Amino acid sequence: MAKFAEVFSDETKRGYKIPTSEYLTSGKHPIIDQGYGQIAGYADLESGAFTDVPAIIFGDHTRIVKYVDTPFFLGADGVKVLKIKTPNADYKYLFYFLQNAKIPNTGYNRHFKWLKELDVPLPSIDEQRRIAAILDKVTDLIDKRRAQMDKLDLLVKSRFVEMFGEPGTDSKGWGLTSLGKICQINPKKGKDQRLINRLMVSFVPMTAIDETGEIDVSDTKIYDEVKTGFTYFAEDDVLFAKITPCMENGKGAIAKGLCNGIGFGSTEFHVLRPISGKTNSCWIYTLTSFASFRRDAANNMTGSAGQRRVPVSFLENYKVSAPPVEEQNRFELFARQCIDSKTVIRQSIEMIETLKEALMQHYFG
């Protein structure tokens, strides 16, 4: 065993940070931030890239760990760049060790202080490389499955553009209108007559929704416990994460399978409810999942660093071409086929991740 400070050095000051507003969709070097995605954007600057690779990235706020083996720029704040100080340590091995480390979640606060308290197991360098090679194989299999899911998501978005045009444009000639006129945004619970004392409802915190549209509605609570201090929504509503970095990372979902058709959840959700005869939830969700939509939302955020949120006015005023609901329903039939395929792949991923978790526990305790 070795102390963290004996193994790692903090080289963050050597990295050049790129403001979010200057991210490119392609470029010479990737920008690495503390978000869930491996790459946040790109930069074409000729100098300033961190070239002393490989390196390990730690998200001070998110606790996300990344392995980077190409020159890169840093994105915004909250990113720590770690280099190895000792010759008898392997980067990939230490990357997996840090991924497995139990760092307490204290919210949108700094977590590096907890990381620095870790003791690091250091078997022989050959054993480290053997362990890293095994975990690489399992990780590669998971990545391939996720790539299949990404291609299905891309297929859905391509079909959306084919049928309706790019979000925010009117290439099909239906005319532009505001999103607030074709769906209810943050509907009030006072109009839902089903809400009575002792009614069981689904409870959906931010952690119950991921970046692929999945939602976990298994947690239930009594209405009396959640009727104040939480966001109300109902079956078939679209949930849109409004706070950074959840919004930029793509968190959102269609509320399906709610207990008694009603849910309450994080106050950091905006709720978009389709209007019968005008919109359906699949069309709305796909619209809000586009990277271009999320970028526009990010550019309209308000608040201080770490607490920036998408205002409701952005959703209300967002210009969109609204196709006939019959066309939206036809699109949903196609999207549902892709969703069914994703479900099968996701089950495979869960099995492989269970194996990886068991291996990590075996190697790192």
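Here's what I pulled together on the structure shown here. Here the structure is a predicted model, which is why all the values come from computation and not from measurement.

## Re the overall build of the protein chain
Here is step 1 of the chain: Of the regular secondary structure elements, the protein chain holds ten helices and 20 strands.
Here is step 2 of the chain: Referenced to the eigenvectors of the C-alpha coordinate spread, the extents of the protein chain come out at roughly 65 × 50 × 40 Å.
Here is step 3 of the chain: Counting across all 365 residues of the protein chain, residues that qualify as buried make up 48%.
Here is step 4 of the chain: Of all intrachain contacts in the protein chain linking residues separated by at least 6 positions in sequence, the fraction that spans at least 24 positions is 75%.

## Things to note about the packing of helix H7 (residues 281–289) against helix H10 (residues 325–364)
Two quantities define a packed helix pair, namely the angle between the helix axes and the distance between the axes.
Here is step 1 of the chain: Packing of H7 against H10 brings their axes to within 8 Å, and their N-to-C directions diverge by 75°. Accordingly, the angle class assigned to the pair H7 and H10 is roughly perpendicular. Residues Cys-282, Trp-283 and Thr-286 of H7 pack against Gln-328, Phe-331, Glu-332 and Ala-335 of H10.
Here is step 2 of the chain: Of the residues in the contact of H7 with H10, the class split is four nonpolar, two polar and one charged.

## Here we look at the sheet that holds strand E12 (residues 183–185)
Here is step 1 of the chain: The strand order across the open sheet built from four strands is E12-E19-E16-E17, with neighbouring strands paired in antiparallel fashion. Taken across any chain shown, the strands that pair with only one partner, and hence form the sheet edges, are E12 and strand E17 (252–254). When the angles between neighbouring strand axes are averaged without regard to direction, this sheet yields 20°.
Here is step 2 of the chain: Two elements, strand E16 (residues 238–241) and strand E19 (residues 269–274), share four bridges in a ladder whose sense is antiparallel. Bridging from a neighbouring strand, Ala-241 pairs with Phe-269 of E19.

## Considerations on the pairing of strand E4 (residues 29–32)
Here is step 1 of the chain: As defined by bridge partners, E4 adjoins strand E5 (residues 41–43) across three bridges and the pair is classed as antiparallel. Its bridge partner being in E5, Pro-30 is matched across the sheet by Tyr-42.
Here is step 2 of the chain: Two strands pair when backbone bridges link them, and E4 and strand E8 (residues 73–75) are joined in this way by two bridges, in the parallel orientation. Following the sheet pairing, Ile-32 is matched in E8 by Leu-74.

## Concerning the sheet that holds E8
Here is step 1 of the chain: Spatially, four strands are ordered E3-E8-E4-E5 in an open sheet, and the strand pairing comes out mixed. What marks the edges here is a single partner per strand, and that holds for strand E3 (17–18) and E5.

## Structural notes on the pairing of E19
Strand residues, when the strand is regular, have side chains that alternate between the two faces of the sheet.
Here is step 1 of the chain: Buried residues dominate E19, accounting for six of its six residues.
Here is step 2 of the chain: With burial as the criterion, each face of E19 is covered, one bearing Phe-269, Val-271 and Arg-273 and the other bearing His-270, Leu-272 and Pro-274.
Here is step 3 of the chain: In the sheet, E12 pairs with E19 via three bridges, with the strands oriented antiparallel. Paired with Cys-183 across the bridge in E19 is Pro-274.

Thresholds, definitions, all that
Residues numbered from 1 in each chain as written. Predicted model: local features only at pLDDT ≥ 70, side-chain atom pairs only at ≥ 80, totals over all residues. Heavy atoms only, no water. Helix = DSSP H or I, 4+ residues; strand = E, 2+ residues; numbered from the N terminus. Buried < 20%, exposed > 50% of the residue type's maximum accessible area, 1.4 Å probe, protein only. Contact = heavy atoms within 4.5 Å. Axes fitted to C-alpha atoms, helices over the stretch in contact; angles between N-to-C directions. Parallel < 35°, antiparallel > 145°, perpendicular 65-115°, else oblique. Nonpolar A, V, L, I, M, F, W, Y, C, P; charged D, E, K, R; others polar. Pairing = 2+ DSSP bridges.

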